[in-house]
Amino acid sequence: MRYLVRARVKPGREQELLRAIDNGTLGEGSVAEGEYLRNMRDARLCEDQTARWVEVCYCPTPLLEERPYWEQYFDLTQVQDAHDRARCKDENGSEPWACGDCDCTNRLERKLASTGEPFVLTLRSPKRP
């Protein structure tokens with residue numbers, strides 16, 4: 001399944017998060033290890049100061065595997081289905097592991113890409129709120 005994630009960086013964790021992204025160690029040890037870096041590359045900082053990204057997750061509970069890794073740096077404010085579960089090929093069993101290459105959230109991801117600012121660039125900015 002694909003989820004739209006909204007999260008706020010925990011106060012004081014910005015530089016540590018940026019180091020983990022730059023070093024490629026974000027999510028190290030997780031089965032979804034590479035997904036974390038892709039998520040941060042695509043994440044956007046929106047007006048409400050939440051970082052938002054679309055995340056692929058195959059867990060029975062949304063972000064069950066990923067949550068401990070994200071919660072080191074973020075307060076997850078909302079995790080919601082990024083599209084209709086009934087139409088998710090992995091979720092309905094018609095094509096196991098389909099979410100990795102699925103284009104079901106392309107429209108949402110294009111819209112998100114034009115919203116706010118690139119999240120990682122805001123972490124690098126000395127003007128970060």
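As shown above, the structure is provided for reference.
Everything numeric in this text was worked out from a predicted model, so none of it was measured. (Residues numbered from 1 in each chain as written. Predicted model: local features only at pLDDT ≥ 70, side-chain atom pairs only at ≥ 80, totals over all residues. Heavy atoms only, no water.)

Caption draft 1: View of the sheet that holds strand 2 (residues 44-45). Spatially, 4-1-3-2-5 is the arrangement adopted by the 5 strands of the open sheet, whose pairing is antiparallel. For this open sheet the edge positions go to strand 4 (74-81) and strand 5 (117-118), each flanked by a neighbour on one side alone. Set on the sheet, helix 4 (residues 106-113) makes contact with strand 1 (2-9), strand 2 and strand 3 (51-56); between it and strand 3 the angle comes to about 155°. (Pairing = 2+ DSSP bridges. Helix = DSSP H or I, 4+ residues; strand = E, 2+ residues; numbered from the N terminus. Contact = heavy atoms within 4.5 Å. Axes fitted to C-alpha atoms, helices over the stretch in contact; angles between N-to-C directions.)

Caption draft 2: Molecular detail of the packing of aromatic side chains. This model, assessed by the stated rule, comprises 6 aromatic pairs. Seen in terms of ring centroids, tryptophan 53 and tryptophan 70 are 4.8 Å apart; in terms of plane orientation they differ by 45°. Their pairing is tilted. Remark: tryptophan 70 occurs in helix 3 (residues 67-70) and tryptophan 53 occurs in strand 3; sequence separation between them is 17 residues. Just as tryptophan 53 is buried, tryptophan 70 falls in that class too. Measuring from centroid to centroid gives 5.8 Å for phenylalanine 74 and phenylalanine 119, while their planes differ by 40°, and the two rings are tilted. Linking phenylalanine 74 in strand 4 with phenylalanine 119 in helix 5 (residues 119-124), this pair joins segments that are 45 residues apart in sequence. The rings of Tyr36, Trp53, Tyr69, Trp70, Phe74 and Phe119 are connected pair by pair, giving a single aromatic cluster. (Phe/Tyr/Trp six-rings, centres within 6.5 Å; stacked < 30°, edge-to-face > 60°. Buried < 20%, exposed > 50% of the residue type's maximum accessible area, 1.4 Å probe, protein only.)

Caption draft 3: Geometry of the pairing of strand 1. Counting buried positions over the 8 residues of strand 1 gives 6, a clear majority of the element. Bridge analysis of strand 1 against strand 4 gives 7 bridges, and the strand direction is antiparallel. Counterpart to arginine 6 in the pairing with strand 4 is glutamine 78.

Caption draft 4: How the structure looks around the side chain of asparagine 39. Topologically, asparagine 39 is positioned in helix 2 (residues 33-42). A residue is classified by how much of its surface remains accessible, and asparagine 39, at 0% relative accessible area, is buried.

Caption draft 5: Summary view of the nonpolar core. Counting residues in hydrophobic clusters, the biggest one holds 28 residues, and the most contacted among them are Leu17, Leu26, Met40, Trp53, Trp70, Phe74 and Phe119. Residue assignment for this core shows that the elements contributing at least two residues are strand 1, helix 1 (14-23), helix 2, strand 3, helix 3, strand 4 and helix 5. When near neighbours in sequence (up to four residues on either side) are disregarded, methionine 40 contacts Ile21, Leu26, Trp53, Trp70, Phe74, Phe119 and Val120. (Core = buried A, V, L, I, M, F, W, Y, C linked by side-chain atoms within 4.5 Å.)

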